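Structure assessment
So you can see what is in the structure, the chains are spelled out below.
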Amino acid sequence: MRVDGGAHDAPGNTRTPRNTGAPDQVAVVGGGMVGLCVAWFLQERGVRVTVFDRDSLTTGPDPAGSGSSWGNAGWLTPGLATPLPEPAVLRYGLRVLWRSDSPVYVPPVADPGLARFVAGFVRHSTHRRWQASMRALAPLTTTALEAFDLLAAGGVSAPTRAAAPFLAGYRERADLDALLRELEEVRAAGQPVDAEILDPLAARDLEPLLGEQVRHVAQVHGQRFCEPGRYVAALVDAVRERGGLVHERTAVEAVHTSASGVEVHGVQVRGVQVRGGEVRGGEVRGVHLLDGPGAGTGDGAGGHVSGGSLDVSTSDATGGRAVGEPGADRHTGGGHAGGGRFDAVVLATGAWLPRLARTFGVRVPVQAGRGYSFHVATPEPPSGPIYFPAARVACTPVGDGLRIAGMMEFRRPDAPSDPRRIQAVVEASRGLLAGVDLEVRTHEWVGPRPCTPDGLPLIGRTSSPRVFVAGGHGMWGVTLGPVTGRLLADAVVTGTPAAALTPFDPLR
Ligand SMILES: Cc1cc2nc3c(=O)[nH]c(=O)nc-3n(C[C@H](O)[C@H](O)[C@H](O)COP(=O)(O)OP(=O)(O)OC[C@H]3O[C@@H](n4cnc5c(N)ncnc54)[C@H](O)[C@@H]3O)c2cc1C
């Protein structure tokens, strides 16, 4: 049976011709910004998609999802999307790296994976490499906002807003000059970006939330922002409305390829805590074949795992029985064909990428650079995003208040949230914001940025022609999610990656 993949033609979107061997059914593992954008653009090209995520993807009063796509700053800022490894981060970072109140924190633990990541990061933190990485990113950043417009024209309902104004505030003039120099380099790499220096009084007229310690202000033009949790939820809706399946609370444990297709194995977890991918409170006894459109139909041999709040259904993998129990997934919109394995799979599991991708030759480490955020009330709704680069604090209007985000904590993605990091963001923000009470916080959140040592994402085919990777965008996976989805979907259906993807080869 053929399900209409919902291939709407968005205005301005030239459909990429499918090659004759193009996959018909593709699994996407990971339902964060990147995985969902890949799924949406695959649908755009006539592919039937099934998305698996170990967590719940729908936002309630608190950000959902254990990945980084929910409580982040939501900036859609191609003009600022620069590679993380750079001499300044290194100079600054090495001084304060192990201090628990530092905005860049590396725990003093014996972790060979972390050591390898840090060594690679240091190696790439030269000016020359930063420039080369910036040039590599430019084809993505220059088309990043256009890809958001395609999503909007294709029915993704969550808005993106012009960041007018987008203000960067400083205590010291030298720090503002450093931003202006960096923007010159961004322009030289091919990404246009305009900025102007504002008189601090005029800046306060634009944004009364600027605190008394902010003495120097720049306004960056042409950027946007969104409420990322809402945006991800709208993508889930859009993928489902176009006939895609989205299996929440379904953790993929293994991917097997053969000449005829791809098998995706995993466990379904119901009504429980799967924070950061750790199944807590019990033992998982079975691994299922998650056979795409058939999964989630309630056919599994249900079994309870004792000792906690987990319900995990189990069956053996050999029968290809569907995983799950009735109601475990919320399938809305679109009918579905049953049966069959997948023709290809895209791994988009954020900071957990190496777990599944390593088998397919992906050796680049992906390290969680964990960021924290919280909300504060403001006397008036903020006018736009505010950036305090020297303090490494990012603020975004959310509802009628402000989301304040910061920290780069290189730690396991699943580690519990550390209140000292929230406190570090609070201390870094003091004096920079007016009229907000930093002691009255809601929606405290931590999320793992998927960071690579060279600051470049991993987008493309692995050692298997049926297995693709999309991730490792570090600080910029929201901004670059849609353009990544667009380019990777083209590569999957045509079998030929665009030249722009060469620097992001997952096998580099
Ligand atoms: C504080 C903070 C502020 C940020 N601000 C910005 C910003 O302003 N602009 C910007 O562009 N970017 C920003 N980022 C970065 C951005 O959030 C990330 O780059 C982006 O969300 C990464 O998306 P992703 O889909 O690759 O990963 P994730 O969002 O982490 O999604 C990965 C998903 O895979 C799932 N998963 C993992 N393993 C499995 C498995 N085995 N089976 C099934 N599912 C699995 C996880 O549950 C998760 O939902 C910020 C990040 C942080 C932390």
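Residues numbered from 1 in each chain as written. Predicted model: local features only at pLDDT ≥ 70, side-chain atom pairs only at ≥ 80, totals over all residues.

Across its full length, the protein chain holds eleven helices and 25 strands. Residue pairs at least 24 apart in sequence account for 79% of intrachain contacts in the protein chain once pairs closer than 6 positions are excluded. (Helix = DSSP H or I, 4+ residues; strand = E, 2+ residues; numbered from the N terminus. Contact = placed C-beta atoms within 7 Å.)

Following alanine 164, the chain continues into proline 165 via a peptide bond in cis, with omega recorded as 10°. With respect to the helices and strands, proline 165 occurs in the loop between strand 5 (161-162) and strand 6 (166-170). Although it is not a glycine, histidine 443 sits at a positive phi angle of roughly 55°. In this fold, histidine 443 is placed in strand 23 (residues 442-451).

Take helix 8 (residues 228-241) next. The terminal C-alpha atoms of helix 8, which comprises 14 residues, lie 20 Å apart, in line with the 20 Å expected from a rise of 1.5 Å per residue. Of all the 14 residues making up helix 8, ten are buried; the element is thus mostly covered by neighbouring parts of the structure. Taken residue by residue, helix 8 has Pro228, Gly229, Tyr231, Val232, Ala233, Ala234, Leu235, Val236, Ala238 and Val239 as its buried positions. Packed against the buried residues of helix 8 are helix 1 (33-44), strand 2 (48-52), strand 10 (245-247) and helix 11 (477-494). One or two residues past the end of helix 8 sits glycine 243, with phi positive at roughly 95°. (Expected span 1.5 Å × (residues − 1). Buried ≥ 20, exposed ≤ 12 C-beta atoms within 10 Å, placed from the backbone.)

As summarised here, the arrangement of the three strands in space is 3-9-5, forming an open sheet in which the pairing is antiparallel. Each of the sheet's edge strands pairs with one partner strand only, and the pair in question is strand 3 (75-76) and strand 5. Relative to strand 9 (residues 224-225), strand 3 runs antiparallel, the two being bridged by two bridges. Bridging across to strand 9, leucine 76 finds its partner in arginine 224. (Pairing = 2+ DSSP bridges.)

Bringing the site of the ligand into the picture now. In the vicinity of the ligand, 42 residues are found, and the nearest of them are Gly32, Gly67, Gly350, Gly371 and Gly477. Elements with a contribution of two residues or more to the shell around the ligand: helix 1, strand 11 (250-258), strand 19 (367-376), strand 23 and helix 11. The residue makeup of the shell around the ligand, split by class, is 16 nonpolar, 22 polar and four charged. (Near = placed C-beta within 6 Å. Nonpolar A, V, L, I, M, F, W, Y, C, P; charged D, E, K, R; others polar.)

The next subject is the sheet that holds strand 25 (residues 467-471). Read across the open sheet, the six strands follow the order 10-2-1-18-25-24; overall the sheet is mixed. Where the open sheet ends on each side, the last strands, each with one partner, are strand 10 and strand 24 (458-461). Adjacent strand axes in the sheet meet at a mean angle of 20°, parallel and antiparallel pairs treated alike. In the sheet, strand 18 (residues 344-347) pairs with strand 25 via three bridges, with the strands oriented parallel. In the strand pairing of strand 25, valine 346 is matched with phenylalanine 468. (Axes fitted to C-alpha atoms, helices over the stretch in contact; angles between N-to-C directions.)

Moving on: the nonpolar core. Judged by nonpolar contacts, the single largest core of 139 residues is most densely connected at Val26, Val38, Leu235 and Val345. Ranked by residue count, the leading element in this core is helix 1, at nine residues. (Core = buried A, V, L, I, M, F, W, Y, C linked by C-beta atoms within 7 Å.)

Looking at the element boundaries, valine 446 is found in strand 23. You can call valine 446 buried: it has 23 C-beta atoms within 10 Å. Considered as a pair, valine 446 and arginine 370 are 76 residues apart in the sequence and their alpha carbons are 6.6 Å apart. Discounting chain neighbours no more than four positions away, the residues touching valine 446 are Arg370, Tyr372 and Ser417.

Moving on, we get to helix 3 (residues 112-124). Spanning 13 residues, helix 3 covers 18 Å between terminal C-alpha atoms, matching the ideal 18 Å at 1.5 Å per step. Listed in full, the buried residues belonging to helix 3 are Phe117, Phe121 and His124. Angularly, the buried residues of helix 3 cover 65° about the axis, an arc narrow enough to put them on a single face. Along helix 3, the residues that are exposed and aim more than 90 degrees away from the buried face are Pro112, Ala119 and Arg123. (Arc of directions from axis to C-beta.)

Before going further, it helps to spend a moment on the packing of helix 5 (residues 144-153) against helix 11. Each pair of packed helices can be summarised by the angle the axes make with each other and by the distance between the axes. In contact at an axis separation of 8 Å, helix 5 and helix 11 are set at 75° when each is read in the N-to-C sense. One element, helix 5, and the other, helix 11, form an angle in the roughly perpendicular class. Contact residues: helix 5 offers Ala144, Ala147, Phe148 and Leu151, while helix 11 offers Thr479, Leu480, Pro482, Val483 and Arg486. Across the contact of helix 5 with helix 11, the residue classes tally to seven nonpolar, one polar and one charged. (Parallel < 35°, antiparallel > 145°, perpendicular 65-115°, else oblique.)

Looking now at the pairing of strand 23. Buried residues dominate strand 23, accounting for seven of its ten residues. Strand direction decides the pairing type here: strand 19 and strand 23, joined by eight bridges, are antiparallel. Considered in strand 23, the bridge of alanine 368 is made with proline 450.

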